[in-house]
Amino acid sequence: MQATSQRENLDAGFRIGADPALRGKVLKYKADRGPVAYVLMVFVLRLALWAVASPILCVIGVLPLAVLGMFIAPINHHHQHVNSFRSSWMNRIYDIVLAVQSGVAPYTWVLHHNLGHHLNYLNQRPHECADESRWTRRDGSQMGRLEYSVDLLIHHQFDAVRIGLQHPKFFRSFLLMKLPLWTLLGAGLWLRPLETFLVFLLPSFLTLFHTIWATYEHHAGCSPDNHFEASRNRDNRIYNLLTGNLGLHTAHHKRPGLHWSLLPAFHREIRDQIPEQQILKTFW
């Protein structure tokens, strides 16, 4: 009877995703209005700097742009799980806008993260099908945060290609989307090479490294035996406001296809099954 009641509660939580009041006409979910507006605002700021700013001002802007990009990275993550727009072509344009600001090319999240990490995150080396975002060395010992970050930075593209070869449909999209991305960046480098490097390439690289650095705490050192013990959660209101509920990581791994705005309801449903040591109340 208890299991049935719990299942009914979970189903009730998921049915909210079909609530017409949450749905938009252009966006799939109205909750994405803020994130999309933020991404476009920062993109316009970058374009303005690229077009009119002096090289010195662009140098000064590298770190602030990287920090602004750090809040675009989780938006990109959420978009790759549940595309933001109803229109496919709008989603592909948005992919490019996200990519040049977060350092993660279109469909890289889909391959490496959705089809890799989410399927294998309970498997850490020396497991033969190890997590693509692995936090253990070959002998099974835990990496430090810097070692993990450098290892993932070096290997994530190779792993994305390896997974892509097993998923031809997504791999084609991964390769095809590089054409408009590289065309846009190539045009920028041809017209204003230094400004393109300082406004787009260098800040997005720093954002990418920070994204990798930040993900270390999600799973490193956690028990890989079951979903409720394998993720670390940040149940902090400000943190989840800024990251789109990315701190509710157990809920995300249990239902990776659930829109980010619906994670708090699901987190409340499963909260009593998550060990207390896996819940952090601090912002950082």
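Figured I'd write up the structure that's included with this text. The model shown is predicted, which means the values in this text are computed figures rather than measured ones.

Calculation rules
Residues numbered from 1 in each chain as written. Predicted model: local features only at pLDDT ≥ 70, side-chain atom pairs only at ≥ 80, totals over all residues. Heavy atoms only, no water. Buried < 20%, exposed > 50% of the residue type's maximum accessible area, 1.4 Å probe, protein only. Helix = DSSP H or I, 4+ residues; strand = E, 2+ residues; numbered from the N terminus. Phe/Tyr/Trp six-rings, centres within 6.5 Å; stacked < 30°, edge-to-face > 60°. Lys NZ or Arg CZ within 6 Å of the ring centre and 35° of its normal. 1 Å grid on protein atoms, 1.4 Å probe; cavity = no way out; pocket = protein on both sides within 12 Å on 5 of 7 lines; lining within 4 Å. Points joined across faces, edges and corners; volume = space filled by probe spheres on them. Nonpolar A, V, L, I, M, F, W, Y, C, P; charged D, E, K, R; others polar. Salt bridge = Lys/Arg side-chain N within 4 Å of Asp/Glu carboxyl O. Polar contact = N/O pair within 3.5 Å; in protein donor to acceptor, adjacent residues only side chain to side chain. Contact = heavy atoms within 4.5 Å.

Structural notes on unusual backbone geometry
Part 1 of the reasoning: Cis geometry marks the peptide bond from Arg125 to Pro126; its omega dihedral reads 20°.
Part 2 of the reasoning: The phi torsion at Tyr107 lies on the positive side, around 70°, for a residue other than glycine.
Part 3 of the reasoning: Its relative accessible area of 13% is what places Tyr107 among the buried residues.
Part 4 of the reasoning: Backbone geometry places Asn245, a non-glycine residue, at a positive phi of 65°.
Part 5 of the reasoning: Structurally, Asn245 is set in the loop between α11 (237-243) and α12 (249-254).

What to know about the packing of aromatic side chains
Part 1 of the reasoning: Applying the stated criterion across every chain, the model contains six aromatic pairs.
Part 2 of the reasoning: Ring geometry for Phe85 versus Tyr94: centroids 5.4 Å apart, planes at 85°, classification edge-to-face.
Part 3 of the reasoning: Note on Phe171 and Phe174: the rings are 5.8 Å apart at their centroids and 15° apart in plane angle, and the pair reads as stacked. Here the residue Phe171 and the residue Phe174 both occupy positions in helix α8 (residues 168-176), the gap between them amounting to three residues, near one helical turn.
Part 4 of the reasoning: The ring of Trp50 has Arg192 sitting right over it, with the charged end atom 5.9 Å from the ring centre.

A few points about empty space enclosed by the protein
Part 1 of the reasoning: Using the criterion set out here, one finds one cavity of 30 Å³ or more in the structure.
Part 2 of the reasoning: Each pocket or cavity is described by its volume, and for the largest cavity that value is around 40 Å³.
Part 3 of the reasoning: Forming the walls of the largest cavity are His78, His81, Val82, His252, Pro256, Leu258, His259, Trp260 and Leu263.
Part 4 of the reasoning: Broken down by class, the residue content of the lining of the largest cavity amounts to five nonpolar, four polar and no charged.

Side note on the pattern of salt bridges
Part 1 of the reasoning: Scanning the model with the defined rule gives ten salt bridges in all.
Part 2 of the reasoning: A salt bridge links Arg162 to Glu132, with the nearest nitrogen and oxygen atoms 3.1 Å apart. Note that Arg162 is positioned in helix α7 (residues 145-164) and Glu132 in the loop between α6 (108-120) and α7, a separation of 30 residues in sequence.
Part 3 of the reasoning: On the basis of relative accessibility, which here comes to 35%, the residue Arg162 falls in the partly exposed class.

Some details on the side chain of His252
Part 1 of the reasoning: On the secondary structure map, His252 appears in helix α12.
Part 2 of the reasoning: Among the polar contacts listed, one links the side chain of His252 to the side chain of His81, at a separation of 3.3 Å.
Part 3 of the reasoning: Among residues more than four places away in sequence, those in contact with His252 are His77, His81, His113, His118 and Leu263.

Keep in mind these numbers describe shape, not what the thing actually does.
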